[in-house]
Amino acid sequence: AQSVSQHNHHVILSEAASLELGCNYSYGGTVNLFWYVQYPGQHLQLLLKYFSGDPLVKGIKGFEAEFIKSKFSFNLRKPSVQWSDTAEYFCAVIPIKAAGNKLTFGGGTRVLVKP
Amino acid sequence: IAGITQAPTSQILAAGRRMTLRCTQDMRHNAMYWYRQDLGLGLRLIHYSNTAGTTGKGEVPDGYSVSRANTDDFPLTLASAVPSQTSVYFCASSLENRAGHNEQFFGPGTRLTVL
């Protein structure tokens, strides 16, 4: 079964700082990759996704992620964070065309942006 | 309705009681899912349904049951609640197709406390 690891459980940074959240997965086949965000008290929303093509994916709110197949990684980045980016971020992976496999989430990274 | 609704928003329940969490989607998605979210563990899949009339077990199915009588509704039942089932429960849906594109849309969640 696949697994997803997010390296940092908590990140604290100041406004305008750059953010990078690590995500690694364990699955040898072709996958679809996602980053979801959960703002305080809200449900999960999709930030961005990678299915195929350009490994550098741009999402909403200035976020981007880079898929590096050789490293089984899909790290999330934002050059300059805002206080409103305070949230929990989840990486998720699903093997494509593999019957019975479902979306697997990482443990999440809580990001606190200080004003 | 637009998207996914869940009811109740929150519930406090005595151990041993039966409880059904409701989930309804209006996007005509064929697949639906139930997750529980626990601190540090991310989201874990409880049960899923690829289409009306079929269900499957996820990562943590014990103590839970589901049914999928139609496309829109996917209730989750706790037959005899235990304190370890205290969690936030999210329902999700997606449009599964042969290309394997599986972006999931999430409901607002139900916060359940079992005493």
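See the structure shown above.
Just so you know, the residues in each chain are numbered from 1, in the order the chain's sequence is written. As a convention, the first chain written is A and the first ligand written is 1, with the rest following in written order. At least 70 in pLDDT is required for a residue's local features to be given in this predicted model, at least 80 for side-chain atom pairs to be given and counted, and no such filter applies to totals for whole chains, interfaces and linings, which use all residues. For the side-chain quantities, the full set of heavy atoms in the structure was used; hydrogens and water were omitted.

### Some details on the environment of Leu 45 of chain B
Cut-off, in case you're wondering: Numbering of helices and strands starts at the N terminus; helices are DSSP runs of H or I of at least 4 residues and strands are runs of E of at least 2. Categorising residues by exposure relies on relative accessible area from a 1.4 Å probe, with only protein chains included: less than 20% of the type maximum marks a residue as buried, more than 50% marks it as exposed, and the intermediate range marks it as partly exposed. In what follows, a contact means two residues having at least one pair of non-hydrogen atoms within 4.5 Å.
Among the structural elements, Leu 45 of chain B can be located in strand 5 (residues 42-49). Its relative accessible area of 6% is what places Leu 45 of chain B among the buried residues. Not counting residues within four places of it along the chain, the set of residues in contact with Leu 45 of chain B comprises Lys 102 of chain A together with Tyr 33, Trp 34, Tyr 35, Gly 58, Glu 59 and Val 60 of chain B.

### A closer look at the layout of surface pockets
For clarity, the threshold we go by: Whether a set of points on the 1 Å grid over the protein atoms alone is a cavity depends on a 1.4 Å probe fitting there but being unable to get out, while an open set qualifies as a pocket with protein on both sides within 12 Å along at least five of seven lines; lining residues are those with an atom within 4 Å of a point. Grid points are joined across faces, edges and corners, and a volume is the space filled by probe spheres set on the points. Classification convention: Asp, Glu, Lys, Arg as charged; Ala, Val, Leu, Ile, Met, Phe, Trp, Tyr, Cys, Pro as nonpolar; all other residues, Gly among them, as polar.
Of the volumes computed, that of the largest pocket is approximately 570 Å³. Lining the largest pocket are 30 residues, with Gln 38, Gly 41, Glu 88 and Arg 110 of chain A together with Gln 37 of chain B positioned closest to its centre. If you list the elements that add at least two residues to the lining of the largest pocket, you get strand 2 (10-14), strand 10 (87-95) and strand 12 (109-114) of chain A together with strand 4 (31-38), strand 9 (87-94) and strand 11 (110-114) of chain B. Grouping the constituent residues of the lining of the largest pocket by class yields 13 nonpolar, 13 polar and four charged.

### What to know about the interface of chain A and chain B
Note the threshold: Each of two parts loses accessible area, computed with a 1.4 Å probe, when they are put together; buried area is these two losses added. Salt bridges are counted wherever a side-chain nitrogen of Lys or Arg sits within 4 Å of a carboxyl oxygen of Asp or Glu.
Every contact between the two is made by 21 residues of chain A and, on the other side, 21 residues of chain B. Interface area, chain A with chain B, both sides summed: about 1,700 Å², of which 59% is carbon and sulfur. Its largest share of buried area at the contact with chain B, chain A owes to His 43, Lys 102 and Phe 105 of chain A, together 30% of the area lost on that side. At the surface where chain A touches chain B, the tally comes to one salt bridge.

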